[in-house]
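Examining the three-dimensional arrangement
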Protein chains: 2
Amino acid sequence: MTQRAVCVIGAGLIGGSLLRAAEQAGRTVWGASTEADAADAHADGFDVTTDTDAALRRAVETDALVVLAVPLPALPDVLRRVDAVAPTCRLTDTVSVKVAVVDAVARYAPRARFVGGHPMAGTAESGWTAGKADLFAGAAWVVASDDGLDLDVWADVAELAWACGARVVPAATDEHDIAVARVSHLPHLLAAVLAAVGAAGDDELPLALAASSFADGTRVAGTRPELVLAMCEGNRDALLGAVDDALGRLGAMRGALASTGGLAATVHAGHAGRQRWAAARDPQGMQVKRRSSLSALRDIGRRGDAVVGWKD
Amino acid sequence: MTQRAVCVIGAGLIGGSLLRAAEQAGRTVWGASTEADAADAHADGFDVTTDTDAALRRAVETDALVVLAVPLPALPDVLRRVDAVAPTCRLTDTVSVKVAVVDAVARYAPRARFVGGHPMAGTAESGWTAGKADLFAGAAWVVASDDGLDLDVWADVAELAWACGARVVPAATDEHDIAVARVSHLPHLLAAVLAAVGAAGDDELPLALAASSFADGTRVAGTRPELVLAMCEGNRDALLGAVDDALGRLGAMRGALASTGGLAATVHAGHAGRQRWAAARDPQGMQVKRRSSLSALRDIGRRGDAVVGWKD
């Protein structure tokens, strides 16, 4: 496996974990970040500065893979630096939405050899100090697999994911956003709605009677609002589709409850969905040939499987 | 504390746990149940038969408290036996909705001295073998506290709850049903909707990317559908109100997302609700005088507090 060097811009929870994991896997790593995270990373012995241009110049010199691990709103500024200093670099990212990132790259750093990524890992905390080398162990790491992407960079990103202990789920950029709208962003919005309904009354009786179904159903409503907003608002189009699906199902259920009093269709569909999810977990993972077709890779993700290494 | 004898009709998860807990607290206990649960209870040394009339006759002889721990659809038949054999007995129940039970008692056993109850405990399993003596330890046990109820029987039910390790939450019958619709039944329906949306696509990509927010948000969709249906459909009127509240909030959010792209109102309301719930947990509990006014008792529940014993 190539031991390509890795330059990480943004040493927060995700970028900081990435630096640790890649170094532990034997990679040469360095990066740039905000003052606080750079200082904390430096104190832990990592070569992380506040000088983004210097970090990017070193990436050009060594043909390193540049990983943008900054929040979506910070991307334009960073991409402008990429275009100025390392315009044709090997480039990936870790942002939880992908269409918006592709749009930003096309606009601000159009010459970069970009293949998007989304490691499906995280905690409620943030910053360098919250990171850890095994954050990605066993996690899914989506790698964008749209036609026309650079297969060499695709391989770089896949090998970085594997080095961090993750499995690669290939997906088209738009299909990724639709999927996470349904299984990651909608859960946050429904949790918010449930928590608001539970706390809506003037008295404390409902919350005093709330037990595990309410606790579990509202858990992610405890996430810091700015994180939820950045994630969900950055995926507006796909999220509208997921919300409309939920509204349609809830409205149909309301109609059935009001007319016949029956909830069987809703409850059975939910039970079947949960069972399908339970059965779909922990894919075995497969190996693919280097330079497999992107179409064949996408099919692996659509089957719910993942890529865990090279064949031969 | 009175050591009133307890006759339990229905020795499943709840009734079976109640028999064990009350016996452990020194009470004389017996009951009646279906063949399978009666046999299992008998094998464990409990006086549980399939002869409901015989169990009720013994309750009349000893002025015992009769606890109906059967599912809502089984109540009419059991109440007819109560009216025939023990028409004026001290009577409570453990059903998770309360208005429907009050209606059934008024219709089938109108002379019974009935004070409804709802121990907020349970597991996904059912039957005598799933029961355990400490099922109610630390749990809330709602005791109906509507004006006009028999205060002696209220005290009987409260003392039984305390003997089982629970704290008593006094509530008006209709306020109980509204509260559980919001914090117990709506979570099941939103979980079902979320699970169905996640599993709606033709491909497996969404479920393959589903992580903890989806896992937690859909957990109760894994409950046996017949249990969810019995619980939710038995609380139709209150549940319609809760569903309409959720639909209104989800619709408003949909509008905001489509127009301005902003989700701040939804996310902040959800975060505030979750925080209010977290702050409301584990009430200290208070002592009240015997024969406190039912209105004063209801206020305790509305404050989110609970009654844990008698004063003096």
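Quantities reported herein were computed from a predicted structural model and do not represent experimental measurements.

A closer look at the interface of chain B and chain A
With 91 residues of chain B at the contact, the number on the chain A side is 91 residues. In this assembly, chain B packs against chain A so that about 8200 Å² is buried in total across both faces, 71% of it on carbon and sulfur atoms. The interface formed by chain B and chain A contains 6 salt bridges. When the shortest N-O distance is used, the salt bridge between Arg276 of chain B and Glu204 of chain A registers 3.0 Å. For the pair chain B and chain A, the number of links is 29 residue pairs in polar contact (both at pLDDT 80 or more). A total of 19 residues in the side of chain B that touches chain A trace back to one element, the largest contributor, which is helix α7 (residues 173-198) of chain B. A breakdown of the residues in the side of chain B that touches chain A according to their chemical character gives 50 nonpolar, 23 polar and 18 charged.

So, the pattern of salt bridges
Scanning the entire structure with this criterion turns up 45 salt bridges over all chains. Salt-bridge contacts for Arg224 of chain B lead to Glu226 of chain B; the nearest nitrogen and oxygen are separated by 2.7 Å. With a relative accessible area of 34%, Arg224 of chain B lands in the partly exposed category. Salt bridges linked by common partners bring Arg4, Asp63, Arg90, Arg113 and Asp156 of chain A together as one network.

Re the nonpolar core
Among the nonpolar cores identified, the biggest contains 80 residues, and Leu209 and Leu263 of chain A together with Leu209 and Leu263 of chain B are the most heavily contacted of them. With residues near it in sequence (within four places) discarded, Leu263 of chain A still touches Met253 and Leu257 of chain A together with Leu189, Leu229, Cys232, Glu233 and Leu239 of chain B.

A closer look at the packing of aromatic side chains
Under the defined criterion, the tally for this structure stands at 10 aromatic pairs over all chains. Relative to Trp128 of chain B, the ring of Phe46 of chain B lies with its centre 5.1 Å away and its plane at 65°, an arrangement referred to as edge-to-face. Of this pair, Phe46 of chain B sits in the loop between α2 (35-43) and β3 (48-49) while Trp128 of chain B sits in the loop between β7 (117-119) and β8 (140-144), and the two are 82 residues apart along the sequence. Residue Phe46 of chain B shares its accessibility class with Trp128 of chain B, and that shared class is buried. Feature note: the residues Trp154, Trp162 and Trp310 of chain A constitute an aromatic cluster, connected by ring pairs. Over the aromatic face of Trp30 of chain A sits the side chain of Arg58 of chain A, whose NZ or CZ is 4.0 Å from the ring centroid.

Procedures and definitions
Residues numbered from 1 in each chain as written. Chains lettered and ligands numbered in written order. Predicted model: local features only at pLDDT ≥ 70, side-chain atom pairs only at ≥ 80, totals over all residues. Heavy atoms only, no water. Contact = heavy atoms within 4.5 Å. Buried area = accessible area lost by both parts, 1.4 Å probe. Salt bridge = Lys/Arg side-chain N within 4 Å of Asp/Glu carboxyl O. Polar contact = N/O pair within 3.5 Å; in protein donor to acceptor, adjacent residues only side chain to side chain. Helix = DSSP H or I, 4+ residues; strand = E, 2+ residues; numbered from the N terminus. Nonpolar A, V, L, I, M, F, W, Y, C, P; charged D, E, K, R; others polar. Buried < 20%, exposed > 50% of the residue type's maximum accessible area, 1.4 Å probe, protein only. Core = buried A, V, L, I, M, F, W, Y, C linked by side-chain atoms within 4.5 Å. Phe/Tyr/Trp six-rings, centres within 6.5 Å; stacked < 30°, edge-to-face > 60°. Lys NZ or Arg CZ within 6 Å of the ring centre and 35° of its normal.

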